[in-house]
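Take a look at the letters that make up each chain.
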Amino acid sequence: MRISLNWLRELVDVSISPEELAETLTMAGFEVEDIEDRRPWASGVVLGKIIACEQHPNADKLRVCQVDVGSSEALNIVCGAPNARADIYVPVAVVGTFLSTIDLKIKPAKLRGVPSEGMICSLAELGLAKESAGIHIFELENPELGSDIRPLLGLDDVILDLTATANRADALSMVGVAREVAALTGASLRIPEANGVAIEGKESPGLAVEISEPQGCPIYIGTAIEGVKIAASPAWLQQRLQAAGVRPINNVVDVTNYILLEWGQPLHAFDRDRLQSFTGTQDISIGVRFASSGESFKTLDGQNRNLQAQNLLITASDKPVALAGVMGGEDTEVHEGTQNLVLEAAIFDQATIRRSARAQGLRSEASIRYERGVNQAALTTASNRAVALILELAGGTATVQKTASSGDDLSFSRSLELRLDRVNLVLGQLKRGETGGSKYLEPEEVKNILTALGCEVVATEKKRVFVITVPPYRYRDLEREIDLIEEVARLHGYDNFCDTLPSKTEPGYLSPEYAAIRNVRSAFRAAGLTELMHYSLVKTEGDNQVVLANPLFVEYSALRTEMLSGLIEAFQYNLEQGNGALNGFEVGRIFWKEEGGQDAHPTKKEADAVAGIIGGDPTVWKWQQSGRDRPLTWFEAKGVLESVFQELGLSVEYQRDSSNTRLHPGRTAALSLNGKHLGVFGQLHPQLQQEKGLPEQVYVFQLDLAVLLTELGRSSNSTRKFAGYSSFPASDRDIAFFAPVEVPVVEMQSAMKKAAGSLLDSVELFDEYRGDNVPAGQRSLAFRLVYRSGDRTLSETDVEPAQQKVRDVLVEKFGVSLRS
């Protein structure tokens, strides 16, 4: 919430600097995120009067103005604003003034040959608006020329951007912040008075209030006001709203927003004539109920909203006119021609408003306060103050006021027992104990702190025990003894208590599982992939999805069952934004449902996975291809994945797979690790690639993280061991043969390694040929086998028996035709 220091000083005597106040509030749990000092924005800008305005002799869009700023001679200023004219009061930046918001220092200048001795300013140039059509014109009764214009525009103010915790609804109001500042600084407090408003004709017919949902709305006050005149709000009201970040609209709406900021109590004004026209009756019956299926309603933002059963409505003759506690309706809003009003002031249930706002994906300043809980005890005060301000600023007469209540206990009072020994046990010793004095808080200190917060403190017959009566405005968050202890610590100052460390400490360490996950991430990053992160929430699309019962948005209504969709969308988005191909990976969790038996309910499952996407031209410069992109090949993409497995010390096997319809049926492999299914790797299906507008060849993979971690957790992989290099030369042999196309190379490599035994150092495919002189249904393959020993130079008698075993197993197991 944006806190105007000028407004705050009207409520509490704040003598400390804005920086000191911000530090005090932050240390007390109200973080001040920003201090906006407006005073330098218009330093040196004074009030002037244009006494003459003539057309510039050399420019059609410029005027030459004579401006009186209270000095002996009028200033000659060239102005380009279309609304510049004689006999108006304007802000004038004299020579030497620095306008910080536009980074401009005013100097004497000549514009098209005419000297200019200053600048007549617009609100945009003073930092009060993003754009301005012309210079600002003051409407003043007794102007003092040459005086500082900052008090006239609210620029003598400092704004604190304050964030309150979720349990402190009272801090979303100026009165609540003033109470807190008074308690922290000991300053005197001045709460705005709200005298009773004279209601004429209370028994007059025409307005009734009925609550059919007392749990959702325990109290509702409706006040009829006749004969108002809609106009712009006075300058002081507009400035306070603008300082709080609220756009002024008209005097009636501005009053409701002002009370919202002052008391934290949302209000809403209806146009009574529009209510009567909308309902088709002169007697208006205001009601509160939940929406029915099929109902729709247009809110103030112009959107037609389909209502749901959890939406609480304000109705007139049972027709919806507002989303209770969230936003009013367009058909009954106050407009320029409004003459009669119905002012709403109500208390709504926190959970009800939260569900209603979430169901529509709509949050407003009103709903934010209702969701946290407004001060019920201040409802009548806020309502009466709003009525009084409307009568003062818009005229009219308050004719009828009707109140409906659920009849429950609305005293909003609570008494708690506070043990001083418990306070000191939880909070510990004070730092002052080191230099003398009591080591712990004394009863009088605790009493003074709680009294400053507005609590009533009474000693009991029990020793060192108080009975604390909580004030109504803290009724919602002071519920237990520990809440009171927290308040004592907060106001006394957390930094005034001694630091106490545990008696025994241990250095932190990573669990083996988390250390393995770090290694996996590091290996993928080392392979050149960028780590990505996506939401686990997606749209509802599949039958096996786990669907949220209360989603925030339709786009995030279910949990993802796989990770490839998010990666493909991210790849597409980066291309559309001109960022090029996105080569990345993600470690995340997937969720799904498994159907049980006939009578069994589906079982919800979850697992961790690693997924990635690789594509685009792998070359940096394209001059060798005449600027054309070169598609990433299957083997280049597979090489990236292989480098990761090599870094992790894993030996992964590839098997042909065509079960995934989103992947190319001839370029997809199922990955396995020690006989366990690891995941899938393959090229995106050409049809999907064309639909998404992706490069010609894009590859994806998704791996089961649990299988990876299990293998990495084995003793053989937990610690990488060094193997000495052989100092003896290698002996290599080539073998070529015709093999059936359907036999995977990986199976043949595995069989050759097993047959050759420990002397075989490596086996590598270096040639594949299909075409002329190759039997139908077969391909020609050539492998290089490297034999090596660590203790001797191998001879022909060592190598040939092993090589013969390789030939034999290829012929017997795979039916190959040897060529060499």
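Just above, that's the structure.
Since we're looking at a predicted model, the values are computed, not measured.

Chemist: Teacher, can you tell me more about the overall build of the chain here?
Modeler: Counting secondary structure elements, the chain contains 21 helices and 39 strands. Computed over C-alpha atoms, the radius of gyration of the chain comes to 39 Å, more than 25% over the 28 Å expected from 2.2 N^0.38 for 820 residues, which places it beyond the range of a compact globule. With respect to the three principal axes, the spread of C-alpha positions in the chain is 115 × 90 × 75 Å. When the 820 residues of the chain are sorted by exposure, 45% land in the buried category. Accessible surface, the chain: about 42,100 Å² in total, of which carbon and sulfur atoms supply 47%.

Chemist: Help me understand the sheet that holds strand β39 (residues 817-818) in this model?
Modeler: If you trace the four strands from one edge of the open sheet to the other, you get β37-β38-β36-β39, paired in antiparallel fashion. Looking along the sheet, the strands with just one partner apiece sit at the ends: β37 (760-769) and β39. Where β37 and strand β38 (residues 778-787) come together, eight bridges link them in antiparallel fashion. Residue pairing for β38: S762 is matched across the bridge by V786. The sheet contacts of helix α20 (residues 745-756) involve β36 (731-740), β37 and β38, and relative to β37 the element is tilted by about 145°.

Chemist: Just checking my understanding: could you explain the nonpolar core for this structure?
Modeler: Nonpolar side chains tend to gather and get buried jointly when the protein is soluble and globular. Within the largest apolar cluster, 93 residues are counted, with the highest numbers of intra-cluster contacts made by L8, Y220, I259, I314, F348 and I390. Residue contacts for I390: discarding those within four places in its chain leaves I225, V228, V252, V255, L341, L343 and G395. In terms of nonpolar packing, the next biggest core, distinct from the first, is built from 34 residues, W634, L641, A669 and L678 among them.

Chemist: What is the right way to read helix α2 (residues 18-27) from this model?
Modeler: Residues three or four positions apart in an α-helix share a direction because the helix packs 3.6 residues into each turn. Every buried residue of α2 is listed here: P18, L21, A22 and L25. Burial along α2 is one-sided: seen end-on, the buried residues are contained in an arc of 100°. Packed against the buried residues of α2 are α1 (5-11), β2 (31-37), β12 (158-163) and α4 (174-185). Trailing α2 by a residue or two, G29 shows a phi angle of about 105°, which is positive.

Chemist: Could you clarify how one ought to interpret the pairing of strand β5 (residues 75-79) in this entry?
Modeler: Strand residues, when the strand is regular, have side chains that alternate between the two faces of the sheet. Of all five residues making up β5, five are buried, and the element is well covered by its neighbours. Pairing geometry for strand β4 (residues 63-68) and β5, over five bridges, is antiparallel. What sits directly across from Q66, in β5, is N76. The hairpin formed by β4 and β5 contains six residues between the paired strands, and G70 there has a positive phi angle of roughly 85°.

Chemist: I tried to follow the pattern of salt bridges on my own but got confused; where do I start?
Modeler: Close approach of charged atoms allows side chains of opposite charge to pair. Following the criterion strictly, the structure yields 38 salt bridges and no others. Between R521 and E531 there is a salt bridge, and its shortest N-O distance comes to 2.6 Å. With R521 in helix α14 (residues 512-526) and E531 in strand β27 (residues 530-531), this pair connects stretches of sequence that are ten residues apart. Accessibility expressed as a relative area gives 31% for E531, which makes it partly exposed. E636 serves as the salt-bridge partner of R630, at 3.0 Å between the closest nitrogen and oxygen. Assessed through its relative accessible area of 30%, E636 is described here as partly exposed. What emerges from the salt-bridge pattern is a single network uniting R168, D170, E180, R474, D477, E487 and R490.

Chemist: Even after reading the chapter, I still don't get the packing of helix α8 (residues 350-360) against helix α9 (residues 365-372), so can you show me in this structure?
Modeler: Each pair of packed helices gets described by two things: the angle between the helix axes and the distance between those axes. Two elements in contact, α8 and α9, have axes whose closest approach is 7 Å; the angle formed by their N-to-C orientations is 140°. Viewed along their axes, α8 and α9 adopt a mutual orientation that is oblique. Relative to α9, α8 is oriented so that their crossing is left-handed. Contacts between α8 and α9 involve Q350, I353, R354 and A357 from the former and S367, Y370, E371 and R372 from the latter.

Chemist: I keep staring at the sheet that holds strand β25 (residues 456-459) and nothing clicks. Help me out?
Modeler: Backbone hydrogen bonds hold the strands of a sheet together, and the pairing may be parallel or antiparallel. Spatially, β24-β26-β25 is the arrangement adopted by the three strands of the open sheet, whose pairing is antiparallel. Edge positions in the open sheet fall to β24 (414-419) and β25, since each of these has one partner strand only. Adjacent strand axes in the sheet meet at a mean angle of 25°, parallel and antiparallel pairs treated alike. Bridge analysis of β24 against strand β26 (residues 465-470) gives six bridges, and the strand direction is antiparallel. Counterpart to L418 in the pairing with β26 is F466. Each of β24, β25 and β26 touches helix α12 (residues 443-452); the most contacted strand, β25, lies at about 150° to it.

Chemist: Please explain the packing of aromatic side chains as it appears in this structure.
Modeler: The way to describe two aromatic rings as a pair is by their centre distance and the angle between their planes. For the coordinates displayed, the defined rule picks out ten aromatic pairs. Ring plane angle 85° and centroid distance 5.6 Å describe the contact between W236 and Y258, whose orientation is recorded as edge-to-face. Here the residue W236 occupies a position in helix α5 (residues 235-243), and Y258 occupies one in helix α6 (residues 251-263), the gap between them amounting to 22 residues. Considering the side-chain rings of F524 and F585, the 5.1 Å spacing of their centres and the 25° angle between planes classify their relative orientation as stacked. On the criterion of sequence distance, the pair formed by F524 in helix α14 and F585 in strand β30 (residues 584-594) is long-range, its members being 61 residues apart.

Chemist: Is there a simple way to think about the side chain of N340 in this case?
Modeler: By secondary structure assignment, the location of N340 is in strand β22 (residues 340-347). A distance of 3.2 Å separates the side chain of N340 from the backbone nitrogen of G227, its partner in a polar contact. At 3.3 Å, the side chain of N340 forms a polar contact with the side chain of D273.

Chemist: Which parts of the structure should I look at to understand the environment of V457?
Modeler: Structurally, V457 can be placed in strand β25. C-alpha of V457 to C-alpha of K447: the two residues are ten residues apart in sequence and 6.3 Å apart in space. Ignoring sequence-local partners within four residues, the contact set of V457 consists of K447, L450, T451, F466, V467 and I468.

Chemist: Just to check I follow, could you spell out the pairing of β30 for this structure?
Modeler: The sheet contact formed by β27 and β30 spans two bridges and is parallel. When the bridges of β30 are listed, T530 appears paired with G584. Where β30 lies against strand β31 (residues 603-615), eleven bridges are found, and the strand directions are antiparallel. Pairing of E586 across the sheet is with A611, part of β31.

Chemist: Looking at this model, I keep getting lost on the packing of α12 against helix α13 (residues 481-492). Mind explaining?
Modeler: The interhelical angle for the contact between α12 and α13, taken along N-to-C directions, is 95°, at an axis separation of 10 Å. Classified by the angle their axes make, α12 and α13 are roughly perpendicular. Side by side, α12 and α13 meet where E445, V446, I449 and L450 of the first sit next to L484, E487, V488, L491 and H492 of the second. Looking at the contact of α12 with α13, its residues break down into six nonpolar, one polar and two charged.

Chemist: I tried to follow helix α10 (residues 379-394) on my own but got confused; where do I start?
Modeler: Helix length check: α10, at 16 residues, gives a terminal C-alpha distance of 22 Å against a target of 22 Å (1.5 Å per residue), a fit within 8%. Residues of α10 that are buried include every one of L379, A382, S383, N384, R385, A386, V387, L389, I390 and A394, and no others. Residues of α10 that are buried sit in contact with β14 (219-226), α6, β15 (267-271), β22 and β23 (397-405). In the stretch just after α10, G395 is the one whose phi turns positive, near 70°.

Thresholds applied
- Residues numbered from 1 in each chain as written.
- Predicted model: local features only at pLDDT ≥ 70, side-chain atom pairs only at ≥ 80, totals over all residues.
- Heavy atoms only, no water.
- Helix = DSSP H or I, 4+ residues; strand = E, 2+ residues; numbered from the N terminus.
- Rg over C-alpha atoms; globule rule 2.2 N^0.38 Å.
- Buried < 20%, exposed > 50% of the residue type's maximum accessible area, 1.4 Å probe, protein only.
- Areas by Shrake-Rupley, 256 points an atom, 1.4 Å probe, with all protein chains shown as cover.
- Pairing = 2+ DSSP bridges.
- Contact = heavy atoms within 4.5 Å.
- Axes fitted to C-alpha atoms, helices over the stretch in contact; angles between N-to-C directions.
- Core = buried A, V, L, I, M, F, W, Y, C linked by side-chain atoms within 4.5 Å.
- Arc of directions from axis to C-beta.
- Salt bridge = Lys/Arg side-chain N within 4 Å of Asp/Glu carboxyl O.
- Parallel < 35°, antiparallel > 145°, perpendicular 65-115°, else oblique.
- Left-handed = near helix turned anticlockwise from the far one by under 90°.
- Phe/Tyr/Trp six-rings, centres within 6.5 Å; stacked < 30°, edge-to-face > 60°.
- Polar contact = N/O pair within 3.5 Å; in protein donor to acceptor, adjacent residues only side chain to side chain.
- Nonpolar A, V, L, I, M, F, W, Y, C, P; charged D, E, K, R; others polar.
- Expected span 1.5 Å × (residues − 1).

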